[in-house]
Structures are given as structure tokens and as C-alpha cells.
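As a plain string of letters, each chain reads:
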Amino acid sequence: MEKKRPPVGIESFDKLCSGDFYYVDKTGLIRELLGNWGEVNLFTRPRRFGKSLNMSMLKAFFEVGTDSSIFDSLEISRETALCEAYMGQYPVISITLKQVKGSDFASARAQMWNVISREAGRLAFLQNSENLDQVDKELFYRLRTKTGSLEDALLVLSELLYKHYGKKVIILIDEYDVPIQKAAANGYYKDMTELISQIFGYGMKSNDNMLFSVVIGCLRVAKESIFTGFNNPKVHTIVDDQYDEWFGFTDAEVREMMNYYGLDEYYEITKEWYDGYRFGSVNVYCPWDVINWCEQLRRSQNHTPQNFWANTSSNDMVLRFVEMADDTTRAELEDLSEGKSIDKDIQMELTYAELDRDIDNLWSVLFTTGYLTYRERNEDGTYQLVIPNREISNLFNRQIRDWFFARIEGGLQPLFQAFDVHDIEEIEKRINACLMESISFMDGGNTDEMKETFYHGLLLGMLRGRRGWRVKSNREAGNGRADIIMIDRVRQCGHIVEVKYANRFSALTDKALEGLRQIDDTFYDAYFADSDVAEIYHYGIAFHQKRCKVVE
């Protein structure tokens, strides 16, 4: 029997249910929402944790004319009285602001108009409604043609829907904070926050036509005055117990999914790479990671875990953080890389304008956006922050290496020259100097294997800065794979480097010699058998913290 497909990139609930995709049932969110809702319900969760799919699910459940059969086998269908009272009973306004990210305010405002106009187009039946008069229809026409008032667009749409159906409206707004983030980055922050404040204010503050609204984003930006004056908006962040299991996959859900696809043998590595987040009192996996990983295991011969979540944006927040780090912060980063926790006072409300003013603000952003998670909350109100999993650990290591290389790039020439003349003492001296210039985060990972991989990548990045060298990593040679192979065409010579990690300073020389023996025993020289390379040099290089030992 053909298995259902993993829903890679599917954010439409209707499409997911009708397209024979695997669905991790999160319809219990509907029951909890209806039992606890306020007029404005704000959820903050990291990206790629199922926010948009859940919003699409809410729309599919509440909107008049919904196909109720798509919920037949799902958890919410067992709530018979609730389904009779709410399913398909309300008009819905559903918009996402994730595409409102213009380079200036004029283009962003135009993109905001596009969002409103598309939603009006979806509700085009209002143009012919017998319950709307000519003035109403003119207002609607202005929304469709982007000639009306953008600021009160949500209010007008909800008024027209109420007149048409005689029922109050549910308003769903996804990715509400994307326009603010882009505005802060492009210099029109004040204009954008004022615009969104007006749109939200008219649409959701004292709007008698609205039953309730759900607003979702990554950051809680209540200080932006966007929600000023709302009547007790309910805010649900990643530290709240309420709704904690509805965004992200629980361990039981991941086990069930892996079993469904016959991938039980990969459970432990899945947990190592993609688990580790804590929302409220529940531990969860990143859904985007698990879905893409299952698809890779099913369709590809590559069974090596990938950084799926980390590769879905620029992750410039981590780099901004590293660039601001002082000695104390660097020591804390080292603790995190070793699997330890650090205690921090987290600000759940921030403006984007405040992010770079204080390193503590960036700690808060790293936490709320998913780069860090927490184990416990201390009695003094601080949080025990940790890196959640292997994927995010790799991201930190990579971003920090990028920062490191940019900082020392101009100082690499003496290292290259030392290789030119095969001066082992100078090579060792220059690598050690680079390590000492770096932040104290050069021992990445919590296993010897991870640390050796980290130093391998670090050295590889240094050596690839040399023009005129061909630098290869993990290439098949002889009876194995050489860590680093360099070909110097000018001097017609080759260099083979084997990287080792020493778990104590006193073992550096022994580990470096072990690397040298591995080059000989595995016949890595065979890589050059068909080349015109005249001389081949072997190097064993061992690392421990911010020290290395080089033998030739």
C-alpha cells in the first residue's frame, strides 16, 4: 500500500487533507482555543513550527461553506457539540503578511495593499450581495482596486461580511511581525509600525463585527503600540503551558511518524538533530526538520542529517550576536557549545529598534526565535538557556567560523608562506595565533567526533583562503578518505593533512603523530598517482581548545 507523502512545504490545510499527505493531528488546538479565547489572541513561535498550517486549519474549520468531511477522522471530530456550534458557521478574514517586506515604505505599503486586495478578491461574492447597498459595494470595490483606505481595510471587510451573513467575523493574521522586521532593517520602521497599528487598531479594537481574532508571529512586539488599547489581548509565548503541544511535534508524534514510514532505526539520530525545544512544559521537535528528514530518507541514498531549519533564512541574527560578543559572552558561548546551560533574564517584549542596543536583548531574541531553548525557569525568574540540538549547534559553529575567518583573513599570509617553505614550527605558531585571536568558542560540540569535525572545518576554511591552491576535503585516497588535500600548482607539490582532536593538552603530540601514521598506513599519497606533483608533504595536526600541535 502506497504511503502518504510527507507534507514538505504544505501550508494549506485543505491541500494537505485532500492531497493524501501525512498529517500530524493538531486539531485539538481548536478545542483549546474555543475554551479559552479572548478578543485578540496572539501566539509567538519560531519559524517553521507549523504556525501557518495551524492558521489555515482554523480558517478551514470556522469558515462558512467549509467541507466538514476533511475533519471526519481528526481529533476535533469527537467534539460533536462543538463542531455543530462552530464548524462552518462564521465568516473569516484570513491574511498573511509574510510577503510585506519592501526595500522602502512605499513598496511595503503597496505590498500591504496587495494582501488586502487578494483577500477581497477571495470574498468577491460580496460585490453581488443582496444584503449590501450601493455604498457598501462601492467600499468593497475600493478595497479590490486598492483605491480605498488601507488603514481601515480590516474594519470595512468585517462590516461587509457581517452585513452579508448576519454573523460576527473571525480575523486571522499570520506572520504579523515580518513587515516590522523588514522595516527595521531598511530604515522605515516608524512609518510601518504606525501603519500596522492603524490597520490592527481599526480592525480589532472595539470592532463590534468581530467575534475574535488570532494573530501569529515569531516575536512578541507589544511595545510597538500595535496592540495598544486592545481589551485584554491574550498572549501565548513559548514559555506558556497553554497551547504548548500544538506547535511542534511531540516525541510520541515523531515516533509514530517514523514508524509509519518504516524508519524506526533513525529515531535516535532524529532526536539528536531535531528535538530539544521546550514550549511550556512540553518537549517538541521542529516539524520542518522532521518532515524534510523523512522525505530525504525515503527518496535519497543520502542518510546524513541536514540543517533543514537553519538553511531557511540568512540567520544573520546569530552573526550580529557574535559580532557584539564581549569576553563574558564568549565564555558563555563556549559553555553552550559544550552542552551546558547559562542563566539569562529574558525579555518577552522587545521592539526591533532595541535589538542591537544591548547584548541581553539579543539573548532574548535568540531564545524566542528558536536558536536557543530552556531547560527550567529559576526561582529568580531567569531561564536556563541551552542550544536545543545538533542542527543548531552546527549553525552556531558555522556562523562563528565565518566571523572568525573575516576577522583574521588579512593575517593568514604568514601561514601560507610557512606552508610554502615547509616550516613546521611557523605553521604551528600561525595556527595557534589565529586560535588565540578568536572568540573562546573554538571547541565546538560535546563529543570528540563533533570537536574533531569542528577543527577540520576551521582549518579547511583557513587554507581555502590561499589563491592558487586547490583545496579538497574528505577526498577518497588510497584506502580511505584524507581530511584535507592541497595542490600547489606553482610549486608542483601536494600537501596531505590529517586532523585529530586531543581531549587533553598532554595528548596533542601523540594525536598529531597518530594523524601522520594514518596518512602513511592508508596510502593517501595514491591520490597524486596520475598527477604531475613532484613532492608530497604529510602533516598531522592535533587540536585541543585554543592550541594545536603540527608534525610533518
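This one's a predicted model, so the numbers in the text were calculated from it and none came from an experiment.

A. Structural context of the pattern of salt bridges. Under the defined criterion, the tally for this structure stands at 28 salt bridges. Residue Glu332 pairs with Lys344 through a salt bridge whose shortest N-O separation is 3.0 Å. With Glu332 in helix α14 (residues 327-337) and Lys344 in strand β9 (residues 342-344), this residue pair connects regions lying 12 residues apart in the sequence. The buried category is assigned to Glu332, whose relative accessible area is 15%. Notably, a salt bridge pairs Lys549 with Glu428, separated by 3.7 Å at the nearest N-O pair. Within this pair, whereas Lys549 is found in strand β16 (residues 547-551), its partner Glu428 is found in helix α18 (residues 424-437), the two being separated by 121 residues in sequence. When salt bridges that share partners are traced, they join Lys59, Glu63, Glu119 and Arg122 into one network.

B. Broad picture of the sheet that holds strand β7 (residues 277-279). Taken together, the three strands give an open sheet; going across it, the order is β6-β8-β7, and neighbouring strands pair in antiparallel fashion. Each edge of the sheet is formed by a strand with only one pairing partner; in this case those strands are β6 (249-250) and β7. Direction of pairing for β6 relative to strand β8 (residues 282-285): antiparallel, over a ladder of two bridges. Residue pairing in the sheet places Thr250 in a bridge with Val284 of β8.

C. Local environment of a negative patch on the surface. A contiguous patch of negative charge on the surface is contributed by Asp343, Asp345, Asp358, Asp360, Glu379 and Asp380. Structurally, Asp345 can be placed in the loop between β9 and α15 (359-368).

D. Broad picture of empty space enclosed by the protein. According to the stated counting rule, one finds one cavity of 30 Å³ or more in the structure shown. One number sums up the size of the largest cavity: a volume of about 30 Å³. Where the lining of the largest cavity is concerned, the elements lending two or more residues are α5 (105-122) and α9 (189-204). It is α9 that contributes the most residues to the lining of the largest cavity, three residues altogether. Within the lining of the largest cavity, the residues separate by chemical class into seven nonpolar, no polar and no charged.

E. Looking closely at the sheet that holds β9. Read from one edge to the other, the open sheet built from three strands follows the order β9-β11-β10, with strand pairing classed as antiparallel. What marks the edges here is a single partner per strand, and that holds for β9 and β10 (373-377). Adjacent strand axes in the sheet meet at a mean angle of 40 degrees, parallel and antiparallel pairs treated alike.

F. Examining the packing of α5 against α9 more closely. Orientation of α5 relative to α9, taken along the N-to-C sense of each, is 20 degrees, at an axis distance of 10 Å. Comparing the axis directions of α5 and α9 gives the class roughly parallel. The way α5 lies across α9 gives a crossing that is right-handed. Contact with α5, carried on its side by Phe105, Ala108, Arg109 and Met112, involves Asp191, Met192, Leu195, Ile196 and Ile199 of α9 and no other residues of that element.

G. The arrangement of the pairing of strand β12 (residues 469-477) in detail. Alignment of β12 against strand β13 (residues 480-488), held across eight bridges, turns out to be antiparallel. Each bridged residue has a counterpart across the sheet, and for Ser473 the counterpart in β13 is Ile484. What sits between the antiparallel neighbours β12 and β13 is a turn of two residues, in which Gly478 has the positive phi angle 60 degrees.

H. Spatial organisation of α5. Between the first and last C-alpha of α5 there are 26 Å, a value that for 18 residues agrees with the 26 Å anticipated at 1.5 Å per step. All buried positions along α5 are accounted for by Ala108, Met112, Trp113, Val115, Ile116, Ser117, Glu119 and Ala120. Along its buried surface, α5 packs onto β2 (92-96), α6 (134-144), α7 (153-165) and α9.

I. Quick look at unusual backbone geometry. In the Ramachandran plot, Tyr243 falls in the positive-phi region, its phi being about 65 degrees despite a non-glycine side chain. With respect to the helices and strands, Tyr243 occurs in the loop between β5 (234-236) and β6. Among the residues examined, Tyr243 registers a relative accessible area of 0% and is labelled buried.

J. Structural view of the packing of aromatic side chains. Enumeration over the complete set of coordinates arrives at 32 aromatic pairs. With centroids separated by 6.4 Å and ring planes inclined at 85 degrees, the aromatic side chains of Phe62 and Tyr86 adopt a geometry described as edge-to-face. Of this pair, Phe62 sits in helix α3 (residues 51-62) while Tyr86 sits in helix α4 (residues 80-86), placing them 24 residues apart in sequence. Under the relative-accessibility criterion, Tyr86 is labelled partly exposed at 23%. Ring plane angle 75 degrees and centroid distance 5.2 Å describe the contact between Phe419 and Tyr539, whose orientation is recorded as edge-to-face. Here Phe419 is found in helix α17 (residues 413-420), whereas its partner Tyr539 is found in strand β15 (residues 535-544), with 120 residues between them in sequence. Each member of the pair, Phe419 together with Tyr539, is buried. What links up through ring pairs into an aromatic cluster is the set Phe13, Tyr23, Trp37, Phe61, Phe62, Phe71, Tyr86, Tyr90 and Phe212.

K. Just the pairing of β10, in detail. Where β10 meets strand β11 (residues 383-386), three bridges bridge the pair, whose relative direction is antiparallel. Residue pairing across strands places Thr373 opposite Val386, the latter belonging to β11. Connecting β10 to the antiparallel partner β11 that follows it, the hairpin turn spans five residues, and Gly381 within it adopts a positive phi of roughly 95 degrees.

L. Representation of helix α11 (residues 267-274). Within α11 the residues assigned to the buried category are Tyr267, Thr270, Trp273 and Tyr274. Down the axis of α11, the buried set is contained in an arc of 135 degrees. They therefore lie on one face. Looking one or two residues past α11, Gly276 carries a phi angle of roughly 105 degrees, positive in sign.

Here is what the cut-offs are and how they apply
Residues numbered from 1 in each chain as written. Predicted model: local features only at pLDDT ≥ 70, side-chain atom pairs only at ≥ 80, totals over all residues. Heavy atoms only, no water. Salt bridge = Lys/Arg side-chain N within 4 Å of Asp/Glu carboxyl O. Helix = DSSP H or I, 4+ residues; strand = E, 2+ residues; numbered from the N terminus. Buried < 20%, exposed > 50% of the residue type's maximum accessible area, 1.4 Å probe, protein only. Pairing = 2+ DSSP bridges. Patch = residues over 30% accessible without salt bridge, like charges linked within 9 Å, V, L, I, M, F, W, Y side chains within 5 Å. Areas by Shrake-Rupley, 256 points an atom, 1.4 Å probe, with all protein chains shown as cover. Lys, Arg positive; Asp, Glu negative; His and termini not counted. Charge placed at Lys NZ, Arg CZ, Asp CG, Glu CD. 1 Å grid on protein atoms, 1.4 Å probe; cavity = no way out; pocket = protein on both sides within 12 Å on 5 of 7 lines; lining within 4 Å. Points joined across faces, edges and corners; volume = space filled by probe spheres on them. Nonpolar A, V, L, I, M, F, W, Y, C, P; charged D, E, K, R; others polar. Axes fitted to C-alpha atoms, helices over the stretch in contact; angles between N-to-C directions. Parallel < 35°, antiparallel > 145°, perpendicular 65-115°, else oblique. Left-handed = near helix turned anticlockwise from the far one by under 90°. Contact = heavy atoms within 4.5 Å. Expected span 1.5 Å × (residues − 1). Phe/Tyr/Trp six-rings, centres within 6.5 Å; stacked < 30°, edge-to-face > 60°. Arc of directions from axis to C-beta.

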